[in-house]
Amino acid sequence: MLVYRGFSQTAPSATVLTIGNFDGVHLGHRALLARLTAAAASAGLPAAVLTFEPHPREFFAPQDAPPRLSTLREKLELLADDGVDLVHVCHFNAAFAAQSATAFIERILLGALRVRLLLVGDDFRFGAGRSGDFALLCAAGTRLGFRVEAMESITLDGERVSSSAVRDALQAGRIEHAARLLGRPYTIDGRVVRGDGVGRQLGFHTANIRIKHERPPLRGVFAVEVHGLPGGPHRGAANLGYRPSANQVARPLLEVHLLDFSADIYGAHLSVRFLHKLRDEMKFPDFDALRTQIGSDVAAVKAYFQL
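These numbers come from a predicted model, not from an experiment. (Residues numbered from 1 in each chain as written. Predicted model: local features only at pLDDT ≥ 70, side-chain atom pairs only at ≥ 80, totals over all residues. Heavy atoms only, no water.)

Caption draft 1: Spotlight on the overall build of the protein. Scanning the protein from N- to C-terminus turns up 10 helices and 14 strands. With the principal axes as the frame, the protein shows a C-alpha extent of 70 × 40 × 40 Å. By residue count, 48% of the 307 residues in the protein fall in the buried class. The contacts in the protein between residues at least 6 apart in sequence include a share of 73% that link residues at least 24 apart. Accessible area of the protein: about 14,500 Å², with a carbon and sulfur share of 50%. Across the protein, the centroid of the 35 positively charged side chains sits 4 Å from that of the 31 negatively charged ones. (Helix = DSSP H or I, 4+ residues; strand = E, 2+ residues; numbered from the N terminus. Buried < 20%, exposed > 50% of the residue type's maximum accessible area, 1.4 Å probe, protein only. Contact = heavy atoms within 4.5 Å. Areas by Shrake-Rupley, 256 points an atom, 1.4 Å probe, with all protein chains shown as cover. Lys, Arg positive; Asp, Glu negative; His and termini not counted. Charge placed at Lys NZ, Arg CZ, Asp CG, Glu CD.)

Caption draft 2: Quick peek at helix H5 (residues 101-112). Among all positions in H5, only Ala-101, Ala-103, Phe-104, Ile-105, Ile-108, Leu-109 and Ala-112 are buried. In this fold, the buried residues of H5 make contact with strand S2 (15-19), strand S3 (47-53), helix H4 (94-97), strand S5 (115-121) and helix H6 (134-144). Note on H5: the residue one or two positions beyond its end, Arg-114, has a positive phi of about 50°.

Caption draft 3: Main features of the pattern of salt bridges. One pass over the structure, following the stated rule, counts 11 salt bridges. Residue Asp-23 pairs with Arg-167 through a salt bridge whose shortest N-O separation is 3.0 Å. With Asp-23 in the loop between S2 and helix H1 (27-43) and Arg-167 in helix H7 (residues 163-171), the pair connects residues that are 144 residues apart, well separated along the chain. On the accessibility criterion, Asp-23 (6% relative accessible area) is buried. Classification of Arg-167 by relative accessible area gives buried; the value is 7%. Put simply, Arg-35 and Glu-149 hold a salt bridge, and the shortest N to O gap is 2.9 Å. Of this pair, Arg-35 sits in helix H1 while Glu-149 sits in strand S6 (residues 147-151), and the two are 114 residues apart along the sequence. (Salt bridge = Lys/Arg side-chain N within 4 Å of Asp/Glu carboxyl O.)

Caption draft 4: Geometry of unusual backbone geometry. Here the bond from Glu-53 into Pro-54 is cis, since omega is 0°, no more than 30 degrees from zero. With respect to the secondary-structure elements, Pro-54 resides in the loop between S3 and helix H2 (56-60). In this structure, the amide linkage connecting Gly-232 to the following residue, Pro-233, adopts the cis form with an omega of 5°. Along the chain, Pro-233 falls in the loop between strand S11 (220-227) and strand S12 (234-241). Here the phi dihedral of Phe-22 falls at roughly 55°; this positive angle occurs in a residue that is not glycine. Phi is positive for Gln-306, close to 60°, though the residue is something other than glycine.

Caption draft 5: Up close: the packing of aromatic side chains. Overall, the coordinates contain 12 aromatic pairs when judged by the stated rule. Summarising the aromatic geometry, the rings of Phe-52 and Phe-92 are spaced 6.0 Å apart at their centres and angled 90° between planes, so their arrangement reads as edge-to-face. Taken together, the residues Phe-52 in strand S3 and Phe-92 in the loop between strand S4 (86-91) and H4 connect sequence positions 40 residues apart. In this pair, the class of Phe-52 matches that of Phe-92, namely buried. Following the ring pairs from residue to residue traces out a cluster consisting of Phe-52, Phe-59, Phe-60, Phe-92, Phe-96, Phe-104, Phe-124 and Phe-126. The ring of Tyr-266 has Arg-194 sitting right over it, with the charged end atom 3.9 Å from the ring centre. (Phe/Tyr/Trp six-rings, centres within 6.5 Å; stacked < 30°, edge-to-face > 60°. Lys NZ or Arg CZ within 6 Å of the ring centre and 35° of its normal.)

Caption draft 6: Here's a closer look at the layout of surface pockets. The volume enclosed by the largest pocket comes to roughly 1,200 Å³. Around the largest pocket, the lining is made up of 40 residues, and of these Gly-20, Asn-21, Asp-123, Phe-124 and Arg-130 lie nearest the centre. At the level of secondary structure, the elements contributing two or more residues to the lining of the largest pocket comprise H1, H2, H4 and H7. Among the residues making up the lining of the largest pocket, the classes are represented as 17 nonpolar, 14 polar and 9 charged. (1 Å grid on protein atoms, 1.4 Å probe; cavity = no way out; pocket = protein on both sides within 12 Å on 5 of 7 lines; lining within 4 Å. Points joined across faces, edges and corners; volume = space filled by probe spheres on them. Nonpolar A, V, L, I, M, F, W, Y, C, P; charged D, E, K, R; others polar.)

Caption draft 7: Molecular detail of empty space enclosed by the protein. The tally for this structure, following the rule as stated, stands at 3 cavities of 30 Å³ or more. When its volume is computed, the second largest cavity comes out at roughly 60 Å³. Around the second largest cavity, the lining residues are Asn-21, Asp-23, Phe-52, Glu-53, His-55, Arg-68, Ser-70 and Lys-75. Along the lines of polarity and charge, the residues of the lining of the second largest cavity split into 1 nonpolar, 3 polar and 4 charged.

Structure, rendered in structure tokens:
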């Protein structure tokens, strides 16, 4: 998959295009991408995605922006898995936000992305003040020579599938429901780094994983499955949060105790799949109480996996 940042380079050919934030790449997104790739294959053109960095809500109201479900790297990997050929990552800034809907169509859609067919969600808005809508796109397409099709929302058991719905499920600890909305377990990627050795002192070796999520959409203790190591996947107990009982950290830290595994894995890039929430993060009076609770958590994880 080719990835372009900004619009200094035009698409190498005409494209079948869709536009969106694609945070989490959930079932609704994946239905749109399936339609995109099918249409692209039929037309003999690349399937292209225009996405934004940062998320527009982070630009307009950073203090109120919701936690991201996926980092840019995670999102790009998921888009590639769904068969996308080309991604343009647009730097969302003041100049872009001030661009008129007509300028967006002429400069970006036609000039940079060479759109032949555009697929958008049924609620898509664009341009300064969100002035552009589906009707404006259709009129422009008729005038300028590209087709526009709308994608209706996807529902699951009567619930509209959306990034907000996934986020709400994760924050509520409904990990299995989030997985149904995503079509796969919720996953965070990161690299194993050296920690302060607290897990070893407590008798539970942990892999400390540096994550790029500044505000992950979930916190607590979980049963997880870890991919990226030889002989995997491996099962484990994970704590995601701020460690209130042991050298509390300012940024969220993902720590994973892998069951029956003790190899040196510093530097490995891992994918941690969250399968079930055991409990919220807690503050304990001393290390003995913390050690006892971790032992209970590990036992609960083994029971979850029927080990």
